[in-house]
Structures are given as C-alpha cells and as structure tokens.
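Notes for the structure review
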Amino acid sequence: MKKYFLATALATMLATTASAETIGVSMALFDDNFLTVLRNGMTDYSKDLKGVTLQIEDAQNDVGKQLSQVQNFVASGVDAIIVNPVDTDATVALSQAAAAAGIPLVYVNRQPVNVDDLPEKQAFVASDEKESGTLETKEVCRILKAAGKTQAKAVVMMGELSNQAARMRTQDIKDVLATPDCSFIKIVEEQTANWSRTQGSDLMTNWLSAGVQFDAVIANNDEMAIGAIQALKSSGRAMDDVIVAGIDATQDALASMAAGELDVSVFQNAAGQGRGAVDAALKIARGETVEKKGYVPFELVTPANLKDYQAKN
C-alpha cells in the first residue's frame, strides 16, 4: 500500500512538472503607460492558465540589455520567449538566438524588421499599424471639414524613429493628407518626441515659442498628445481652438478626452495583444500551428463613443 501511494505521488509530481511551462518576457520599457497595460494583460491572463509562469524583464530601452535577456532565457531553458522590441530594426539577432536553441519566440506590439522572414517557431502579435494613423488622421480631417475649414495647418509628433510603429503611423498621416478629401491640410512641422509626455510638452513649447501656427496636432501616441495639451494650456491657448489627436486610448488619454481636451484617439487593445502573445507562445511550444502575423483591430475613439472605452486599457 505504501509503495502504491509513493508511486501515485511520484506520478502526480512528474505530471505536474511536465505540464509546467515558463515563458520569458522581455519588455522594451516598464515605465510606459501603454506597455504597462500590455504587460499587465499578459500577467493577468497567465494567472488563469494552470502551470504557466511568466518571467518578465525590463530592457529599460536598451538594445544590448534586451539581447542579454533573451540569451539568458535561452540559457535557462524557458519553454517560450515573448519580446516587445526596444528597436524594431535590431530583432534579427533576437530571432537567431531563439532559433538556434529551438525555443519559440513571439514578438508583441512592435513589428520586427524581419517580420516577413521569421524562422520556424516564431510569430508576431500586434495591431495593424496601417489602420492606426489612418483612422486618427481621417477623423482630424472630418472634424476640420465640419468646422468649415478649407485650408488648415497641422503639426506632427512622431515616436522613436527607430520604431516601426512611429514610421508607419507618420506615413499613414501623410497618405491620408495626400487624398483629395484631406489635401487642404498641410503639415507645417514634424519632429520626434520619442513617445514621451514630457518631450511632447517640450516640443510643443518650442513650436509655440517659435510662433508656429497650426489648427491640429497629430501625435503618434497619446502620451505625446497629452504633453502637447499641457503646453497648450500653459500658453493660454483655448482647447476648443485646436484639434489634438493621439493613439492608444490609454486611461489618461480618455480622461483628457472627457475633460474636453483630447479630440481623437485610437484604441489599441493592449491587453488583447498580451493575451494573444501568450496564447501564440504556448501553442508553438506545444507543437501547434499559429499564424505568423496575428492582428488585433484598432478602433477609433471620439467623445461620441468615449464611454465604450473608459473601462478598457
């Protein structure tokens, strides 16, 4: 009888050990509102998955540190790796490190430069950036036309130029403004504020000090848009005199919209991307097939539908 119980206990222990899975996660930066929602989405989702553990590291916006984290995950024998890239142009080395060890790797949120040439057991989960800046800018165009504008000026705040999302969102803006319906809007300034609220505020302050005239601020993300709003308010500019648009629909952005400051945002489902990345990583680790590119749709957010998004992100 004792042998039976020992054998049963051992079998149970082995089964538990066999089913346990560890996913190493390297985030570009912890100190970012949107990426925090993304990270929390992964963490919360994993709590409902029996035997799944996430080991999450902060790359602190350092490409070298992120590569070291991936190499350490490989060395420790994790079952899968999820990476939110610091620099989307520097992902080939990350893919190579994981592929050489045969460990699944899933990029999340930021599109890797090698997205069309990912090795086996690798995938990308995000939202299609072709939609983000397009939705944002079309709404800015619609608002200006509704206000009777036949000529308008816009300033563009770009994210980190090493980031594919910043380049794509900026191109989206230009593509929309090149269409007949929206060609009455001209870009008078475009500079990077590196996704940062503080840098967005500083950049707007510089433009105002230089006497730049504009009707709209089109930012690659909400943080820069909020920074622009702070600088505009400090300068005494009436918020109903300028259209301000961002992307991500973070809680701070939605609060700004509710206060009548931010006019446009685009909901990027951070938690949904996090869940999708974890699911993809586990499926690949278990030998299942997943799409190389998995997209979670963007959604336009305006004061008219604000209430639908205030409990999200």
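Basis of the calculations
- Residues numbered from 1 in each chain as written.
- Predicted model: local features only at pLDDT ≥ 70, side-chain atom pairs only at ≥ 80, totals over all residues.
- Heavy atoms only, no water.
- Axes fitted to C-alpha atoms, helices over the stretch in contact; angles between N-to-C directions.
- Helix = DSSP H or I, 4+ residues; strand = E, 2+ residues; numbered from the N terminus.
- Parallel < 35°, antiparallel > 145°, perpendicular 65-115°, else oblique.
- Left-handed = near helix turned anticlockwise from the far one by under 90°.
- Contact = heavy atoms within 4.5 Å.
- Nonpolar A, V, L, I, M, F, W, Y, C, P; charged D, E, K, R; others polar.
- Buried < 20%, exposed > 50% of the residue type's maximum accessible area, 1.4 Å probe, protein only.
- Pairing = 2+ DSSP bridges.
- Right-handed = clockwise from strand over helix to strand, strands pointing away.
- Phe/Tyr/Trp six-rings, centres within 6.5 Å; stacked < 30°, edge-to-face > 60°.
- Core = buried A, V, L, I, M, F, W, Y, C linked by side-chain atoms within 4.5 Å.
- Expected span 1.5 Å × (residues − 1).
- Salt bridge = Lys/Arg side-chain N within 4 Å of Asp/Glu carboxyl O.
- Polar contact = N/O pair within 3.5 Å; in protein donor to acceptor, adjacent residues only side chain to side chain.

Between helix α8 (residues 222–235) and helix α9 (residues 251–258), the shortest axis-to-axis distance is 9 Å and the interhelical angle comes to 40 degrees. It follows from the interaxial angle that α8 and α9 lie oblique. Viewed along their axes, α8 and α9 form a crossing whose handedness is left-handed. Only D252, A253 and S256 of α9 make contact with α8, whose side of the interface consists of D222, E223, I226 and I229. Of the residues that constitute the contact of α8 with α9, the class distribution is three nonpolar, one polar and three charged.

Now for the pairing of strand β8 (residues 216–219). Of the two faces of β8, both are covered, the one formed by A216 and I218 as well as the one formed by V217 and A219. In this structure, strand β6 (residues 152–158) lies alongside β8, joined through four bridges in parallel fashion. Directly across from V155, in β8, lies its bridge partner V217. Both β8 and strand β9 (residues 243–245) contribute to a ladder of three bridges, which runs parallel. Bridged to I218 within β9 is A245. A crossover links β8 with its parallel partner β9, the connecting element being α8, and its sense is right-handed.

Moving on, we come to the packing of aromatic side chains. All chains considered together, the criterion is met by two aromatic pairs. Their ring planes at 85 degrees and their centres at 6.3 Å tell us that F124 and Y295 sit as a pair that is edge-to-face. Here the residue F124 occupies a position in strand β5 (residues 122–126), and Y295 occupies one in strand β11 (residues 293–295), the gap between them amounting to 171 residues. The class for F124 is buried, based on a relative accessible area of 1%. Measuring from centroid to centroid gives 5.3 Å for F267 and Y309, while their planes differ by 55 degrees, and the two rings are tilted. Of the two residues, F267 is situated in strand β10 (residues 265–267) and Y309 in the segment after β12 (299–301); the sequence distance between them amounts to 42 residues.

So, on to the nonpolar core. Counting residues in each nonpolar core, the largest one holds 32 residues, and the members touching the most others are M157, M204, F214, V217, L232 and V244. Excluding anything up to four places from it in sequence, V217 contacts V155, M204, A228, L232, V242, I243, V244 and A245. Within the second largest apolar cluster, 26 residues are counted, among which are I23, L35, A59 and V86.

This paragraph deals with α8. Helix length check: α8, at 14 residues, gives a terminal C-alpha distance of 20 Å against a target of 20 Å (1.5 Å per residue), a fit within 8%. Within α8, 10 of the 14 residues are buried, which leaves the element mostly enclosed by the surrounding structure. Taken together, the buried positions of α8 are occupied by D222, E223, M224, A225, I226, G227, A228, I229, A231 and L232. G236 occupies a position one or two residues after α8 and carries a positive phi of about 90 degrees.

Further remarks concern the pattern of salt bridges. Under the definition given, this model contains 13 salt bridges. Here E21 and R286 are joined by a salt bridge, their closest N and O atoms 2.7 Å apart. With E21 in strand β1 (residues 21–27) and R286 in the loop between α10 (270–285) and β11, this pair connects stretches of sequence that are 265 residues apart. For E21, a relative accessible area of 11% gives the class buried. One salt bridge connects D116 with K293, and the closest N-O pair in it is separated by 2.7 Å.

Attention shifts here to the packing of helix α3 (residues 63–76) against helix α4 (residues 92–101). At a minimum axis distance of 10 Å, the contact between α3 and α4 shows a crossing angle of 5 degrees. The orientation of α3 relative to α4 falls into the category roughly parallel. Together, Q66, L67, V70 and V74 of α3 and A93, L94, A97, A98 and A101 of α4 make up the contact between the two elements.

In this structure, β1 lies alongside strand β2 (residues 52–58), joined through seven bridges in parallel fashion. If you follow G24 over to β2, its bridge partner there is Q55. Remark: the β1/helix α2 (residues 33–47)/β2 crossover connection has right-handed handedness.

This part covers the side chain of D172. Following the sequence through the fold, D172 ends up in helix α6 (residues 164–177). With near-sequence residues (within four places) excluded, D172 lies in contact with E129, K130, S132, G133 and T134.

Moving on: the side chain of R169. When you line up the elements, R169 lands in helix α6. Side chain to side chain, R169 and E129 meet in a polar contact 2.8 Å long. Once residues within four sequence positions are removed from consideration, R169 is found in contact with E129, S132, G133, W195, N220, N221, I247, D248, Q268 and F298.

In this section: the sheet that holds strand β7 (residues 185–192). Pairing is parallel in the open sheet, where four strands are placed in the order β7-β6-β8-β9. Two strands lie at the open edges of the sheet, namely β7 and β9, each paired on one side alone. On average, each strand axis in the sheet is inclined to that of its neighbour by 15 degrees, with strand direction left out of account. This element, α6, spans β6, β7 and β8 of the sheet and lies at about 170 degrees to β7. Helix α7 (residues 197–209) rests against β6, β7 and β8 of the sheet, and its axis sits at about 145 degrees to β6.

Read these as geometric descriptors, not functional statements.
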